[in-house]
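Chain by chain, the residues run as shown.
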Amino acid sequence: SFAKQPINVVEIRGEDASFPTLERSKGFHQVIDRLPNIHMIKSFRGLPEEEFKKMLDSVGNDIDFIFAFNDDLASQAWEIARRSGVESNIKFIGADGLNGENGGIEMVLNGKLIATILYPPGGAETVKTAVNIYENQPVAKRIALATTVIDRFNADIMKNQFDKINEQQSIIEGQVGAIKRQEQLYYSQSNLLRLSIVILIIVLGLTIYSVYLIFTIRKKNRQLTITNEKITIQRNQLEKIAN
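Just so it is clear, the model here is predicted, and its values are computed rather than measured.

Draft legend 1. Focus on the overall build of the chain. If you tally the helices and strands in the chain, you get six helices and six strands. Order of helices (α) and strands (β) in the chain, N terminus to C terminus: β-α-β-α-β-α-β-α-β-α-β-α. On C-alpha atoms alone, the chain measures out to a radius of gyration of 43 Å, which is more than a quarter above the 18 Å that the 2.2 N^0.38 rule sets for 243 residues. Its C-alpha atoms put the chain at 150 × 50 × 35 Å along the principal axes. Taking as baseline every contact in the chain between residues at least 6 positions apart, the subset at least 24 positions apart corresponds to 69%. Here the chain has roughly 17700 Å² of accessible surface; of this, 58% comes from carbon and sulfur atoms.

Draft legend 2. Representation of the pattern of salt bridges in the model. One pass over the structure, following the stated rule, counts eight salt bridges. In this structure, Arg 82 engages Glu 79 in a salt bridge whose closest nitrogen and oxygen atoms are separated by 3.2 Å. Here Arg 82 and its partner Glu 79 are both found in helix 3 (residues 71-84), three residues apart, which amounts to about one turn of the helix. By relative accessible area, which is 24% here, Glu 79 ends up partly exposed.

Draft legend 3. How the structure looks around the packing of aromatic side chains. On inspection of all chains with the given rule, the structure shows five aromatic pairs. For the ring pair Phe 44 and Phe 52, a centre distance of 5.4 Å and an interplane angle of 75 degrees mean the geometry is edge-to-face. Three or more aromatic residues joined by ring pairs make a cluster, and in this case those are Phe 28, Phe 67 and Phe 69. Between the NZ or CZ atom of Lys 42 and the centre of the ring of Phe 44, over which it lies, the distance is 5.4 Å.

Draft legend 4. Region of the structure containing the environment of Ile 114. Relative to the assigned elements, Ile 114 resides in the loop between helix 4 (104-109) and strand 5 (115-118). Once the C-alpha coordinates of Ile 114 and Gln 184 are considered, the two residues, 70 residues apart in sequence, prove to be 50 Å apart. Not counting residues up to four positions away in its chain, the partners in contact with Ile 114 are Lys 91, Phe 92, Ile 93, Val 108, Ile 150, Asp 151 and Arg 152.

Draft legend 5. The arrangement of unusual backbone geometry in detail. The backbone of Asp 96 shows a phi angle near 115 degrees, a positive value even though the residue is not glycine. Summarising the element assignment, Asp 96 is placed in strand 4 (residues 91-96). Its identity is not glycine, yet Asn 102 carries a phi of approximately 65 degrees, on the positive side. Within the secondary structure, Asn 102 sits in the loop between strand 4 and helix 4.

Thresholds applied
Residues numbered from 1 in each chain as written. Predicted model: local features only at pLDDT ≥ 70, side-chain atom pairs only at ≥ 80, totals over all residues. Heavy atoms only, no water. Helix = DSSP H or I, 4+ residues; strand = E, 2+ residues; numbered from the N terminus. Rg over C-alpha atoms; globule rule 2.2 N^0.38 Å. Contact = heavy atoms within 4.5 Å. Areas by Shrake-Rupley, 256 points an atom, 1.4 Å probe, with all protein chains shown as cover. Salt bridge = Lys/Arg side-chain N within 4 Å of Asp/Glu carboxyl O. Buried < 20%, exposed > 50% of the residue type's maximum accessible area, 1.4 Å probe, protein only. Phe/Tyr/Trp six-rings, centres within 6.5 Å; stacked < 30°, edge-to-face > 60°. Lys NZ or Arg CZ within 6 Å of the ring centre and 35° of its normal.

Put into structure tokens, the structure is as follows:
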């Protein structure tokens, strides 16, 4: 339906010159620059509130779409447009597609955004590429990450999927925590067992030594008794001789 009618758009880029910021702007312009019916009204770097509000007061009713480089910028732009009374005339699109409170998916569900672009972090592709490099296997110079448009048609589905993933993540984290606690309990019990064995060996050694001492003392006592008896006999004999 937008193929022929004129469309006015505003771009809100990130404030930094990071690779994602440059790539998002490049990809955005690769699409809109080849469509003659799309007119770029203005491109902002970040969201200077006064300048943005001044533009809305001037041409706010003529803007069809505002594309922001993340959902937070899109939300800020919507708030400024709401204060200017033109938010209902503009369709806001964000990027990142995060789930949870104040995330892009929630903004689509509550009507702030008409859509958000799910931005894949590429973690799995990065690990796979690193493994291939380590194993001296060929790797692609460019790896395209698939993006997903989240709008009112699939926002509920995506939210449910992410909620389920978060639930499973919580379960996994709980299980990992339980395993770690079991490991700590095992190490504690293992150390306690080792300590008990050492104490048992010490007690056993002391017991054996005590038994040895008892027998030694008894033997010494017997020897002393015999010696005393001999001395007594010799003393009696000496007394007889003396008499």
